Amino acid sequence: MNAEIIAVGSELLLGQIVNTNARFLSRQLADLGINVFYHTCVGDNPNRLKAVIKIAEERSNLLIFTGGLGPTKDDLTKETIAKHVNKRLIMNNEALQSIELYFERTNRQMTENNKKQAIVLEDSHILPNEHGMAPGMLLEGGSHAYMLLPGPPKEMEPMFLKYGYPVLRSLLQEEDVILSRVLRFFGIGEAMLETEIEDLIDAQTNPTIAPLASDGEVTLRLTAKHKQMDTALRLLDETEKQILSRVGDYFYGYDETSLMHELIKYIKDKKLTIACAESLTGGMFQQVFTAIPGAGELLKGGVVCYTNEVKENVLNVQKTTIAENGVVSEQCARELAKNVASLMNADIGISFTGVAGPDELEGKPVGTVYIGISIKDEPVQVEKLNFGGTRDAIRVRSVKYGCHFLIKRLNGSQNAK
């Protein structure tokens, strides 16, 4: 089965919101073994939507629409599709009751146009909306199937997972078990990783191997199909083993984890605490760290030390260190990491100092970064990096590399790069 994901909404074309629905649905469809060859975005215009539908039908047999199911006049997705497939629009009483209850729960007055959201395509399979109002639906018509989903991700995602995914699975009449596994890598570029496993990618059949690069990381999505669950798992395991035998030094986790999640696991498992001294990153490391539930108990505290005065008077960096080496230096990063751990009585101290831009500092070019790591009873280590990109990109990558280096240290590896 080949699918096309069609996002409906002028706000998408105007750049007012980002179309995260297409990414979510593509991942889910990959798990089902459904090919997605096209993403389309169209405004709230029935003639243009009709043209998009005709084009999509020529190249795909499953059309998934997101958006355009709301109560306003410019919400025209189901109306346009109804005319195209010659189906009536009918009131769905269960959906109407659900909408009425929604307004009662939220203590709001229901306007007449909200009833429009309970109107559905005749003969369609209804997908209940447990997180909003407009239901979704799936209509089979000849050689095509049309799935309509609400636009807000908080409504669309749970609806698809609970109701859309199973109905597509039954539509496929697929007896095979389909399993996916995502391998996450850091410290290696997409081109280099693909070069290392190029022969495996070229020879892929089952499992398939799909690379993806994002924010300095690389992921490989492995998908296996077989009638037996244990055989599908074995196929995944064998392919993963082949991949990690070549690029395992850069592997850090599976599926939806992150570098920070993995770092926190290490710190928690080893019953350690951490403190941070952040100049370059301005508190970003602590922000990402504390965004993860339960991480707060591991963080003793931190200092955002942008000025030399704070570095000297709060974190006790020697004046001679700054005078002789500058704040963007290995020596400064070393003292920051060691001193913040001592100041906060933490087992680990991590520091970030460098030049995020837009101008160079102390004769050091933009992108120069030093990360210091102090772990109790071990010598302090400092890593020097040189990044390209924007100010924000340099700061984000600094935080990720801080996690990466610290994971390697806690894992007992000296090969931090």
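Residues numbered from 1 in each chain as written. Predicted model: local features only at pLDDT ≥ 70, side-chain atom pairs only at ≥ 80, totals over all residues. Heavy atoms only, no water.

You'll find the chain entered in an unreviewed UniProt entry as Putative competence-damage inducible protein, with Cytobacillus praedii given as the organism.

Engineer: Help me understand the nonpolar core in this model?
Structural biologist: Residues Phe285 and Phe289 are the most contacted members of the largest nonpolar core, which totals 36 residues. Listed by contribution, the elements that provide at least two residues to this core are helix H10 (259–269), strand S13 (274–278), helix H11 (284–290), strand S15 (348–354), strand S16 (368–375) and helix H15 (391–410). Per-element accounting of this core gives the leading share, eight residues, to H15. Among residues more than four places away in sequence, those in contact with Phe285 are Met260, Leu263, Ile274, Cys276, Glu278, Ile350, Phe352, Val399 and Cys403. (Core = buried A, V, L, I, M, F, W, Y, C linked by side-chain atoms within 4.5 Å. Buried < 20%, exposed > 50% of the residue type's maximum accessible area, 1.4 Å probe, protein only. Helix = DSSP H or I, 4+ residues; strand = E, 2+ residues; numbered from the N terminus. Contact = heavy atoms within 4.5 Å.)

Engineer: I tried to follow the layout of surface pockets on my own but got confused; where do I start?
Structural biologist: Sizing a probe to match a water molecule and rolling it over the atoms shows the empty space that remains. Looking at the largest pocket, its volume works out to about 970 Å³. Around the largest pocket, the lining comprises 33 residues; the ones closest to its centre are Arg27, Val182, Leu212, Thr219 and Arg221. At the level of secondary structure, the elements contributing two or more residues to the lining of the largest pocket comprise helix H2 (20–32), strand S2 (35–42), strand S9 (177–186), strand S10 (208–214) and strand S11 (217–226). When grouped by side-chain class, the residues that make up the lining of the largest pocket number 11 nonpolar, 12 polar and 10 charged. Each of domain 1 (2–172) and domain 2 (177–254) accounts for three or more of the residues forming the lining of the largest pocket. (1 Å grid on protein atoms, 1.4 Å probe; cavity = no way out; pocket = protein on both sides within 12 Å on 5 of 7 lines; lining within 4 Å. Points joined across faces, edges and corners; volume = space filled by probe spheres on them. Nonpolar A, V, L, I, M, F, W, Y, C, P; charged D, E, K, R; others polar. Domains from an automatic or database assignment.)

Engineer: Before we go on, may I ask you to explain the sheet that holds strand S7 (residues 136–141) in this structure?
Structural biologist: Strand pairing in a sheet is mediated by backbone hydrogen bonds. Such pairs are either parallel or antiparallel. If you trace the six strands from one edge of the open sheet to the other, you get S2-S1-S3-S8-S7-S6, paired in mixed fashion. The open sheet has two free edges, formed respectively by S2 and strand S6 (125–127), since each of these has just one partner strand. When strand polarity is set aside, the average angle formed by the axes of neighbouring strands in this sheet is 15°. Examined bridge by bridge, S6 and S7 share three bridges and lie antiparallel to one another. (Pairing = 2+ DSSP bridges. Axes fitted to C-alpha atoms, helices over the stretch in contact; angles between N-to-C directions.)

Engineer: What's the story with the sheet that holds S15 in this structure? I'm lost.
Structural biologist: With respect to topology, five strands assemble into an open sheet ordered S14-S13-S15-S16-S17, the strand pairing being mixed. Where the open sheet ends on each side, the last strands, each with one partner, are strand S14 (299–304) and strand S17 (381–386). Ignoring which end each strand starts from, the neighbouring axes of this sheet average 15° apart. Pairing between S15 and S16: seven bridges, direction antiparallel. Following the sheet pairing, Phe352 is matched in S16 by Ile371. Its contacts with the sheet place helix H14 (residues 330–344) against S13, S14, S15, S16 and S17, and it is angled at close to 145° to S15.

Engineer: Explain the UniProt feature "domain: MoaB/Mog" (unreviewed entry) in the chain to me, please; I cannot follow it from the model alone.
Structural biologist: In the UniProt entry, the feature "domain: MoaB/Mog" (unreviewed entry) is given for residues 4–170. Summarising residues 4–170: 43% helix, 23% strand, and an end-to-end C-alpha distance of 19 Å. (UniProt positions renumbered as here; feature names shortened; annotations may be inferred.)

Engineer: Quick question: what am I supposed to make of the packing of aromatic side chains here?
Structural biologist: Centre-to-centre distance and the angle between the planes together describe a pair of aromatic rings. Within the structure shown, the criterion is met by 10 aromatic pairs. Their ring planes at 40° and their centres at 5.5 Å tell us that Phe285 and Phe352 sit as a pair that is tilted. With Phe285 in helix H11 and Phe352 in strand S15, this residue pair connects regions lying 67 residues apart in the sequence. Side by side, Phe285 and Phe352 carry an identical accessibility label, which is buried. Ring centres of Tyr401 and Phe405 lie 5.7 Å apart, and the angle between their planes is 45°; on these two criteria the pair is classed as tilted. Highlighted residues: Tyr401 and Phe405, both in helix H15, separated by four residues, approximately one helical turn. Note on Phe405: relative accessible area 1%, which makes it buried. Joined through ring pairs, the aromatic side chains of Phe186, Phe387, Tyr401 and Phe405 make up one cluster. One residue, Arg59, lies across the ring of Tyr38, its end atom 3.7 Å from the ring centre. (Phe/Tyr/Trp six-rings, centres within 6.5 Å; stacked < 30°, edge-to-face > 60°. Lys NZ or Arg CZ within 6 Å of the ring centre and 35° of its normal.)

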